[in-house]
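A structural walkthrough
Here are the chains, one letter per residue:
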Amino acid sequence: MKIGITGAAGQLGRLAITALRNQVPAADIVALVRRPETATDLGVEVRRADYADPASLAQAFQGIDVLALISSSDFNDRVGQHRNVIEAARSARVGRLIYTSVLKADTTPLLVAGDHKATEALILSSGLDYTILRNSWYTENWTASLPMAVAAGAVIGSARNGRVSPATRQDLAGALAVVTASPGHSGQIYELAGDLPFTLSDLAGAVSAETGKHIAYNDLPADVYRGILDGFGLPPGLPEVIVDADVCAAAGWLLDESRTLSRLIGRPTTALAEAVRVALAGH
């Protein structure tokens, strides 16, 4: 059985390839990437597959039995790019398509969810066998900025006391590998999240415990938080996405307590304290 992973040179894709190599022979795995030279270190077959180039997809998907579509990071036309992948998979007679969506994609008001909801609809109408992984917000979306928070003495956000259940990329990549390599997941839609919900105040507390310094959580009005993020020189549109996620978190949209993720990967998800320790290592 040939398993193809799109976006294999990205952060989630690389972790998925590594996890998959622990479950199936490397010879059965194909890394599908826009620029093959970025994936030569993965230890598997590499094929060029550009979401925006349907001809490359048609060629790359030949002989692929199970295809994992890791959602595009290009926000300009994500649905169009995903449509190209779905159509090429259907033409290549791929046996099953797996898609990395977002938590509660069918109902959430999360700003980034619209493209995922539209892509899920395309998959459901394609006639392809499918598995949809509705991934929670990445833990790293919060922990990546923790060194700056320690320097400033505070975690900032607009999530109020909202409980969230994010998961690390490592844990979500593990689920992707399991679902890709094993039977029994056809036609399933999984909501995937961390086992133990927390608030951003809890996050600040975990940082305090790790560093031995008092780190507060300062909850800010959304417009104030957005202005601060704008001052960091982030890519256009990203501050709006970050603030929107916090606002949705305050309303409970980033919370799932099903523990489906830990059941899939066969172990508890990464604890908050461990995620904080990793984020602050070396700082």
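Residues numbered from 1 in each chain as written. Predicted model: local features only at pLDDT ≥ 70, side-chain atom pairs only at ≥ 80, totals over all residues. Heavy atoms only, no water.

Looking now at the pairing of strand β4 (residues 66-69). Because side chains alternate across β4, one face comprises the buried residues Val66 and Ala68, and the other comprises Leu67 and Leu69, equally buried. Judged from the 3 bridges that link them, strand β1 (residues 3-6) and β4 form a sheet pairing that is parallel. When the bridges of β4 are listed, Ile3 appears paired with Val66. (Buried < 20%, exposed > 50% of the residue type's maximum accessible area, 1.4 Å probe, protein only. Helix = DSSP H or I, 4+ residues; strand = E, 2+ residues; numbered from the N terminus. Pairing = 2+ DSSP bridges.)

The next subject is the pattern of salt bridges. In the structure shown here, the tally under the stated rule is 14 salt bridges. Two residues, Arg48 and Asp53, come together in a salt bridge whose shortest N-O distance is 3.0 Å. The exposure class of Arg48 is partly exposed, given its relative accessible area of 39%. Two residues, Glu274 and Arg277, come together in a salt bridge whose shortest N-O distance is 2.7 Å. Of this pair, Glu274 and Arg277 both sit in helix α12 (residues 272-280), 3 residues apart, which is roughly one turn of that helix. Among the residues examined, Arg277 registers a relative accessible area of 38% and is labelled partly exposed. What emerges from the salt-bridge pattern is a single network uniting Asp106, Glu120, Arg134 and Glu191. (Salt bridge = Lys/Arg side-chain N within 4 Å of Asp/Glu carboxyl O.)

With that settled, the discussion passes to the nonpolar core. Counting 54 residues, the largest nonpolar core has Ile5, Ile17, Phe61, Leu67 and Leu192 as its most contacted members. Among the elements that line this core, the one with the most residues is helix α7 (residues 169-181), at 6 residues. With residues up to four places along the chain from it excluded, the contact list for Phe61 reads Leu32, Arg47, Leu67, Val85, Ala88, Ala89, Ala92 and Val94. Counting residues in hydrophobic clusters, the runner-up holds 30 residues, among them Ala105, Ala206, Ala245 and Ala249. (Core = buried A, V, L, I, M, F, W, Y, C linked by side-chain atoms within 4.5 Å. Contact = heavy atoms within 4.5 Å.)

Let's shift gears to the sheet that holds strand β2 (residues 29-33). The 7 strands lie next to each other as β3-β2-β1-β4-β5-β6-β8, forming an open sheet whose pairing is parallel. In this open sheet, the two edge strands, each paired with only one partner strand, are β3 (45-48) and β8 (188-192). Direction aside, neighbouring strands of the sheet carry axes that sit 20° apart on average. Pairing of strand β5 (residues 96-102) with strand β6 (residues 130-135) involves 6 bridges; the strand directions are parallel. What sits directly across from Val102, in β6, is Asn135. Across the sheet, helix α1 (residues 11-21) is in contact with β1, β2, β5 and β6; its angle to β2 comes to roughly 175°. Across the sheet, helix α4 (residues 113-126) touches β5 and β6, and the angle it forms with β5 is around 160°. (Axes fitted to C-alpha atoms, helices over the stretch in contact; angles between N-to-C directions.)

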